[in-house]
Each structure stands twice: as structure tokens, then as C-alpha cells.
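Fold and contact review
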Amino acid sequence: MNERIIEKLKYCLKYEKKITFLVGAGLSAESGIPTFRGKDGYWVSGSKNYKAQEIGTYKMFCENPEEVWKWFLYRKSITEFAKPNTGHLMLKEIEDLLKDNFALISQNIDGLHTKAGNSKERSFFIHGDFDYVRCGYECSKELYPFPKEINLLNRNKDVITEEEQRYLKCPKCGKNLRPHVLWFDEYYDDYYYKTDKVLKAAKNTGILFIIGTSGATNLPQTVCFTVLSKGGTVVEINTEESYFSEILENKQNGIILREKSSDFLTELKEEISKFM
Ligand SMILES: [Zn+2]
């Protein structure tokens, strides 16, 4: 393990600084979850072929909610049966070691951190959590558990039954429910995605590990810049170049590791357990 990382970890524990993990789709790839970007970022329905950036929008939900739900139910049918991989399990073990020094900022909506056992208190799901739905028209801001009546096993991806349609209606106003996720044409919002707490954690972070994310959205970028501006160290773990690689290349506080996330996290957990 890189000496600078070990020194910084010890510093964080001594001065009560956060050790923060910012993770994206790359972490869940080993669990078989497609990234829904690039070549996976298409939805073929009947004769139509949509890009993720087109169908994952509030605009499309208002115009064609059934099509949007077909796509999200298909995605849910994958995530529902996926298992956390070594990377997720190591993050859970690292949280158990670090306790309140630990923070997890995840762009993944697949529920795998929860399945792995990470706590709600120290996890921030900045793009939402598909274990929940909410009113598509905001008659209230309440989150409801994903309706368990909807069959996710061997789904026919082109059909939503009438019965299923009924479970996708808001219990308060009767209009369509929506997945509790941040869409491409929406902004980060403190109420749903805890952005204030995320930025507060970033300000108090001594070392930030950026794992398996390309950095395409602005809150992760702000988190990275906030940590750097407060003198924290930022480590990128990614097998490929990303937006963050360019930022970190010429920074004294930047470290870039071209490793698999599960290998790195396993090694990191071993190191942390030595001095806890
Ligand atoms: Zn409603």
C-alpha cells in the first residue's frame, strides 16, 4: 500500500477527519449491473430505441410514464437479484472499523450497499435509491418502499400489467409514482439527496477515495474540489482514465492507482485493521 495513503489515514484517525469513499457504477460492474451509459445506455422497446439520457428524464416520465416504468422495472429486475461483490463487502468492513470516521457517497441506485450492510447514517445516495418510489407530482415528499407486489423475476420487459399499474400509483393523490432516482434533466436537491450533508462531509474529509466513477456529474466533481481545497488527499482507483485523472495528475495531493476496486479495497481493509 502507498505510504502516503497510510500516513494520511493515521492523520485522519488522530484528528477526527473523515475517510470518504465516492463510488460509481464501476464498483457494481462486478455484480453484473450494467452501467447504463455508453454501449449499455440504450433501451429498446418495440420499434423504438432510446438513449438512457432520453428515457431517464422527468420530461419523458410526464409524456410517457409507462415507457419510463418499463425501463426502470427492467433495471430493477437486474438489481433485485444481484449480490454485493467483494468491493461492497470490504466497504462494509471498513465502515465497521472506522465508524464515525467513515463516509460513503454513492452514485449507485442499485441497493447493493444496503445489502452489504453499510449504515444509513454514514451513506449518502446522491442519485437516489431504487428501493424507494415517490409521487411523480410531489403531492408530498414522502418516500415509499418499492411495491413488493410487482413481479421482478423473469419479467417480460415489454409489458406492465393492469394490476401492476395500480401499484405504481401514488397512495395519496392517485397519480403516477416515480422511481426515487435523480434523472438526467433534474438537479441535485438537499431534501432527497442530502447534498448539504455530503458537502459538509467533503469539507471535513482528510482523504477521499474515488472508485469506479467517470465523474460525469457535478456533485462528485464538487466533492473532489472541496477536499482538495481543504488540503485533503484525493486518491483515484480506476482501471481507466477519467475526468478525475486529469484533475489529479498535476496535484500534490492527488494519487492515481490503476487497480481493480475490489483488490484495492481488500488491501485497504487489511491495512486499516492493522492500526485500529
Ligand atoms: Zn401523489
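Everything that follows concerns the structure shown earlier in this document.
Figured I'd write up the structure that's included with this text. (Residues numbered from 1 in each chain as written. Predicted model: local features only at pLDDT ≥ 70, side-chain atom pairs only at ≥ 80, totals over all residues. Heavy atoms only, no water.)

1. Some points on the sheet that holds strand S1 (residues 18–23)
Inclusion rule: For two strands to be treated as a pair, DSSP must find no fewer than two bridges joining them. Elements are defined by DSSP. Helices are runs of H or I of four residues or more, strands are runs of E of two residues or more, and each kind is numbered from the N terminus. Working convention: axes come from line fits to C-alpha atoms, limited for helices to the stretch in contact. Angles between N-to-C directions cover 0 to 180 degrees. Throughout, a contact is declared for two residues whenever any of their heavy atoms are within 4.5 Å.
In spatial order, the strands read S5-S4-S1-S9-S10-S11; together these 6 strands make up an open sheet with parallel pairing. Of all the strands in the sheet, just strand S5 (123–125) and strand S11 (254–257) have a single pairing partner and so form its edges. Averaged over neighbouring strand pairs, the angle between their axes works out to 15° when direction is ignored. Across 4 bridges, the pairing between strand S10 (residues 233–237) and S11 is parallel. When the sheet's bridge partners are listed, Val234 is paired in S11 with Gly254. Against the sheet, helix H1 (residues 3–14) engages S1, strand S9 (205–211), S10 and S11, with an angle of about 130° to S9. This element, helix H11 (residues 218–229), spans S1, strand S4 (102–106), S9 and S10 of the sheet and lies at about 145° to S9.

2. Here's the deal with the packing of aromatic side chains
Applied cut-off: Ring geometry is summarised as follows: Phe, Tyr and Trp rings, the Trp one being its six-membered ring, pair when their centres sit within 6.5 Å, and such pairs are stacked at plane angles under 30 degrees, edge-to-face over 60 and tilted between the two. Exposure categories follow from relative accessible area, calculated using a 1.4 Å probe and restricted to protein chains: below 20% of the type maximum is buried, above 50% is exposed, and the middle band is partly exposed.
A full pass over the atoms with the stated rule returns 16 aromatic pairs. Between the aromatic rings of Trp71 and Phe72, the centroid separation amounts to 5.0 Å while the plane-to-plane angle is 80°, which identifies the pairing as edge-to-face. Accessibility classification places Trp71 together with Phe72 in one group, the buried group. Geometrically, the ring pair formed by Tyr192 and Tyr193 is tilted, given 6.1 Å between the ring centres and 55° between the ring planes. On the basis of relative accessibility, which here comes to 7%, the residue Tyr192 falls in the buried class. On the accessibility criterion, Tyr193 (2% relative accessible area) is buried. A connected cluster of aromatic rings, assembled from ring pairs, spans Tyr58, Phe61, Trp69, Trp71, Phe72, Phe130, Tyr137, Phe146 and Trp183.

3. Some points on H1
Convention followed: Multiplying 1.5 Å by the residue count of a helix minus one yields the expected span of that helix. Arc definition: directions from the helix axis to the C-beta atoms. Polar contact is defined as a pair of N or O atoms within 3.5 Å, subject to the rule that within protein one atom must be able to donate a hydrogen and the other to accept it, and that residues adjacent in sequence are counted only when both atoms are side-chain atoms.
Taking 1.5 Å per residue as the helical rise, H1 with its 12 residues ought to reach 16 Å, and the 17 Å between its terminal C-alpha atoms agrees with that figure. Restricting attention to buried positions, one finds in H1 the residues Ile5, Ile6, Lys8, Leu9 and Cys12. The buried residues of H1 occupy an angular sector of 165° when projected down its axis, which confines them to one face. Turned more than 90 degrees away from the buried face of H1, the exposed residues are Glu3 and Lys14. On its buried side, H1 packs onto S1, S9, S10, S11 and helix H13 (261–274). Put simply, Asn2 is the residue that caps the front of H1, since its side-chain oxygen is 2.8 Å from the backbone nitrogen of Arg4. Where H1 terminates, the next one or two residues include Glu16, which has phi positive at roughly 55°.

4. Let's talk about the environment of Asn101
As for its placement among the helices and strands, Asn101 is situated in the loop between helix H6 (86–98) and S4. Look at Asn101 and you get buried, because its relative accessible area is 16%. It is 8.1 Å that separates the C-alpha atoms of Asn101 and Thr20, two residues lying 81 residues apart in sequence. Sequence-distant contacts of Asn101, that is, excluding residues within four places in its chain, are made with Cys12, Leu13, Glu16, Lys17, Lys18 and Ile19.

5. Some remarks on the packing of H6 against H13
The test is simple: Comment on the angle field: the value is read as roughly parallel under 35 degrees, roughly antiparallel over 145, roughly perpendicular from 65 to 115, and oblique elsewhere. Should the near helix be turned counterclockwise from the far one by less than a right angle, the crossing is left-handed, whereas a clockwise turn marks it as right-handed.
In the contact formed by H6 and H13, the axes pass within 8 Å of each other and the chain directions differ by 20°. Between H6 and H13, the angle falls in the class roughly parallel. The way H6 lies across H13 gives a crossing that is left-handed. Here H6 contributes Thr86, Gly87, Met90, Leu91, Glu93, Ile94, Leu97 and Leu98 to the contact with H13, which in turn contributes Ser262, Leu265, Thr266, Leu268, Lys269, Ile272 and Ser273.

6. Considerations on the packing of helix H10 (residues 195–203) against H11
Inclusion rule: Following the grouping adopted for this structure description, the nonpolar residues are Ala, Val, Leu, Ile, Met, Phe, Trp, Tyr, Cys and Pro, the charged ones are Asp, Glu, Lys and Arg, and the polar ones are all others, Gly among them.
For the pair H10 and H11, the least separation of the axes is 8 Å and the interaxial angle reads 30°. Relative to H11, the element H10 lies roughly parallel. For the pair H10 and H11, the sense of crossing is right-handed. Listed contacts from H11 to Thr195, Val198, Leu199, Ala202 and Lys203 of H10 are Leu219, Thr222, Val223, Thr226 and Val227. For the contact of H10 with H11, the per-class residue count stands at 6 nonpolar, 3 polar and 1 charged.

7. Overview of the sheet that holds strand S7 (residues 143–145)
The antiparallel open sheet is built from 3 strands, whose spatial order is S7-S6-S8. Unpaired on one side and paired on the other, S7 and strand S8 (177–181) mark the two borders of the sheet. The mean angle between the axes of side-by-side strands here comes to 50°, regardless of whether they run parallel or antiparallel. Sheet analysis places strand S6 (residues 128–135) next to S7, joined by 3 bridges and oriented antiparallel. Within S7, the position partnered with Val133 by the bridge is Tyr144.

8. Overview of empty space enclosed by the protein
Rule in force here: In the cavity and pocket records, a cavity denotes points on a 1 Å grid over the protein atoms alone where a 1.4 Å probe fits but cannot get out, a pocket denotes an open set with protein on both sides within 12 Å along at least 5 of 7 lines, and lining residues are residues with an atom within 4 Å of a point. Grid points are joined across faces, edges and corners, and a volume is the space filled by probe spheres set on the points.
As enumerated under the stated definition, the model contains 1 cavity of 30 Å³ or more in all. Put simply, the largest cavity is a space of about 30 Å³. Take the lining of the largest cavity: its biggest share by element is 3 residues, from helix H7 (residues 112–116). The class makeup of the residues in the lining of the largest cavity is 2 nonpolar, 5 polar and 1 charged.

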